[in-house]
2 protein chains.
Amino acid sequence: MPSAKRTELLDAAEQLFATHGFGAVGIQQVLQEAGVARRTLYLQFGSKQDLVVAVLERLDRRWRERTTAYVNQEATTARGRLTAVFAALRDDVERPDFPGCVFARAAAEYGPARSRGDDLHPARAAAVAHQAWVRDWLTRLADEAGVDQPRTLALQLGTLFDGTMACAQVKPCPQALDAAIDAAEMLIDAGLAAAAL
Amino acid sequence: MPSAKRTELLDAAEQLFATHGFGAVGIQQVLQEAGVARRTLYLQFGSKQDLVVAVLERLDRRWRERTTAYVNQEATTARGRLTAVFAALRDDVERPDFPGCVFARAAAEYGPARSRGDDLHPARAAAVAHQAWVRDWLTRLADEAGVDQPRTLALQLGTLFDGTMACAQVKPCPQALDAAIDAAEMLIDAGLAAAAL
DNA sequence: GAACAAGTAGACCATTCGGTATATTTCCAC
DNA sequence: GTGGAAATATACCGAATGGTCTACTTGTTC
């Protein structure tokens, strides 16, 4: 069971990072927002870097739980579940303070994607893990729906998914959101049609 | 004609920003990399912020020139030009040091997408302008190709475009790139088929 | 009530940041 | 040659950074 102070630190950091980015937020801001002493932060997390990673990992865990629960509750058929993923995306993106994909933003701030050594930044590693999980989940759903080439469809839907968030983060655009969801439907249908041949 | 030193500063800043992000790069690094005196930078650009914006604007201008030239040379038909846009994307993304979409990264680092007042950060404004231009260009190409609902197709292709870069920035994935380009082809064909009815 | 872990405030550290000021040097046009 | 613009090096500024340390106050549990 995590300490109450630890939770408050994570809450404050998550909100601040989502609003202003990671590098732009100082430790002091997090402390003030959380109402927690400096020492406590450095006892709970060894460094700012560890705090960032902890925020990303909690975000990842919560996103998985929330989204899978939503999708499983919203739809009963495998095909409906694929659609529901994008309904969940719509809910996120349409929120007035939608921060974009925090994992993409972390990857944008922390180090190059291809490093010389294999020592990629831990924050980037969290982003990679998140992305991989989403891809795998979509692959599973596509497979259950019985489409032709589930992996390919999953990658296409994942790209639409990421693109929608990237687009909304630059400038929210309802038409683009609708169009992307329509595109997802078309791709799913095409995959089902190909399997029916 | 821009001063030689100004160009060297833009070159160095562009490379450093692409590799490490904007906030993570200090003025001093830019100066050292460019081999230019501190004073000169602040005479050419009033502040770091202005330097960032100048880098983004030059990047935007060059991208337009390079990509339109590539597309116009590569294809003769309107339909072929739409496809060629994604061939250009492939060339970019497959480059070993592909930094992701620098405009998306700028938007990620600078300020929330929805501000209370209408005073959005100038770096974000550059990103918005770039995104809008790409959308409009795709709309024009889709219109010339004679598809049904050119704007909708343009938004869909734009989302695939952004998603591909976002995906590659987190972790390069050749299969995802191929799948996204296939998806683009399918969407274009569907738009043409709908128009033929 | 004493031990003990957890949290507090706040001083302190070296470093770096973006930005300014000064004084000097380079170089080309006239 | 000489004037003047452009670029140079470098010292300096205040502020903020991430992180450490000490000393004090809780609250809980034997």
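Residues numbered from 1 in each chain as written. Chains lettered and ligands numbered in written order. Predicted model: local features only at pLDDT ≥ 70, side-chain atom pairs only at ≥ 80, totals over all residues.

Caption draft 1: Structural view of the overall build of chain A. Scanning chain A from N- to C-terminus turns up nine helices and zero strands. The secondary structure elements of chain A, listed N-terminal to C-terminal, are α-α-α-α-α-α-α-α-α. In terms of overall dimensions, chain A has C-alpha extents of about 65 × 40 × 35 Å along its principal axes. Every one of the 197 residues in chain A was classed for burial, and the buried ones make up 41%. Contacts spanning at least 24 positions in sequence make up 60% of the contacts within chain A whose residues lie at least 6 apart. (Helix = DSSP H or I, 4+ residues; strand = E, 2+ residues; numbered from the N terminus. Buried ≥ 20, exposed ≤ 12 C-beta atoms within 10 Å, placed from the backbone. Contact = placed C-beta atoms within 7 Å.)

Caption draft 2: Fine view of the protein's contact with DNA strand D. Near DNA strand D lie 17 residues; those nearest to it are A:Gly26, A:Ser47, A:Lys48, B:Arg39 and B:Thr40. Counting only elements with at least two residues in the surface near DNA strand D, the list comes to α2 (27-34), α3 (38-44) and α4 (48-74) of chain A together with α3 (38-44) of chain B. Examining the composition of the surface near DNA strand D, we find that four residues originate from one element, α3(B), more than from any other. Taken together, the residues of the surface near DNA strand D sort by class into five nonpolar, six polar and six charged. (Near = placed C-beta within 6 Å. Nonpolar A, V, L, I, M, F, W, Y, C, P; charged D, E, K, R; others polar.)

Caption draft 3: Seen up close, the protein's contact with DNA strand C. Residues in close proximity to DNA strand C total 17 residues, the closest being A:Thr40, B:Gly26, B:Ile27, B:Ser47 and B:Lys48. With four residues, α3(A) is the single largest residue contributor to the surface near DNA strand C. For the surface near DNA strand C, a count of residues per class yields five nonpolar, six polar and six charged.

Caption draft 4: Structural view of the interface of chain B and chain A. Contacts between the two partners involve 41 residues from chain B and, on the opposite side, 41 residues from chain A. Examining the composition of the side of chain B that touches chain A, we find that 14 residues originate from one element, helix α8 (residues 150-170) of chain B, more than from any other. Tallied by class, residues from the side of chain B that touches chain A come to 23 nonpolar, 13 polar and five charged.

Caption draft 5: Layout of the domain arrangement of chain A. Residue and element names in this part refer to chain A. Its domain assignment divides chain A into domain 1 (1-46) and domain 2 (49-196). Its C-alpha centre places domain 1 at a distance of 26 Å from the equivalent point of domain 2. Taken together, the 11 residues of domain 1 in the interface contact 12 residues of domain 2. The residue makeup of the side of domain 1 that touches domain 2, split by class, is six nonpolar, four polar and one charged. (Domains from an automatic or database assignment.)

Caption draft 6: Region of the structure containing the packing of helix α5 (residues 78-94) of chain B against helix α9 (residues 174-196) of chain B. All names here are of chain B. Packing of α5 against α9 brings their axes to within 11 Å, and their N-to-C directions diverge by 170 degrees. Relative to α9, the element α5 lies roughly antiparallel. For the pair α5 and α9, contact is made by Arg79, Leu82, Thr83, Phe86, Arg90 and Val93 and by Leu177, Ile181, Ala184, Glu185 and Ile188, respectively. Taken together, the residues that form the contact of α5 with α9 break down as seven nonpolar, one polar and three charged. (Axes fitted to C-alpha atoms, helices over the stretch in contact; angles between N-to-C directions. Parallel < 35°, antiparallel > 145°, perpendicular 65-115°, else oblique.)

Caption draft 7: Molecular detail of the nonpolar core. One finds A:Ala104, A:Ala106, B:Ala104 and B:Ala106 to be the most contacted residues of the largest nonpolar core, which totals 118 residues. B:Ala104 has contacts with A:Ala166, A:Val170, B:Ala127, B:Asp162, B:Met165 and B:Ala166, leaving out every residue within four places of it along the chain. (Core = buried A, V, L, I, M, F, W, Y, C linked by C-beta atoms within 7 Å.)

Caption draft 8: View of the environment of B:Arg140. Within the fold, B:Arg140 resides in helix α7 (residues 122-145). Considered as a pair, B:Arg140 and B:Arg151 are 11 residues apart in the sequence and their alpha carbons are 8.4 Å apart.

Caption draft 9: Structural detail: the relation of the copies chain B and chain A. Turning chain B through 180 degrees and shifting it by 0.0 Å along the axis lays it on chain A, with an RMSD of 0.0 Å. Expressed as an axis order, the relation between the two copies is that of a two-fold axis. For chain B, the residue whose C-alpha comes nearest the rotation axis is B:Gly163, separated from it by 1.7 Å. Same-surface contact between copies: 100% of interface residues of chain B are shared with the interface of chain A. (Least-squares fit on C-alpha atoms with pLDDT ≥ 70 in both.)

Caption draft 10: Quick look at the packing of helix α9 (residues 174-196) of chain A against α8(B). It is the contact of α9(A) with α8(B), at a shortest axis distance of 8 Å, that shows an interaxial angle of 80 degrees. By the angle between their axes, α9(A) is roughly perpendicular relative to α8(B). Along the contact surface, α9(A) presents A:Gln175, A:Ala176, A:Ala179, A:Ala180 and A:Ala183, while α8(B) presents B:Thr152, B:Leu155, B:Gln156, B:Gly158 and B:Thr159. Taken together, the residues of the contact of α9(A) with α8(B) break down into five nonpolar, five polar and no charged.

Caption draft 11: Unusual backbone geometry, seen in detail. At A:Gln149, a residue that is not glycine, the phi angle is positive and equals roughly 55 degrees. Along the chain, the position of A:Gln149 falls in the loop between α7 (122-145) and α8 (150-170).

Caption draft 12: Highlighting helix α1 (residues 4-20) of chain A. All names here are of chain A. If you check α1, its first and last C-alpha atoms are 24 Å apart, about what 17 residues at 1.5 Å a residue would give, namely 24 Å. Turning to α1, its buried residues number three or more, namely Leu9, Leu10, Ala12, Ala13, Glu14, Leu16 and Phe17. Phi for glycine 21, located one or two positions after α1, is positive at around 90 degrees. (Expected span 1.5 Å × (residues − 1).)

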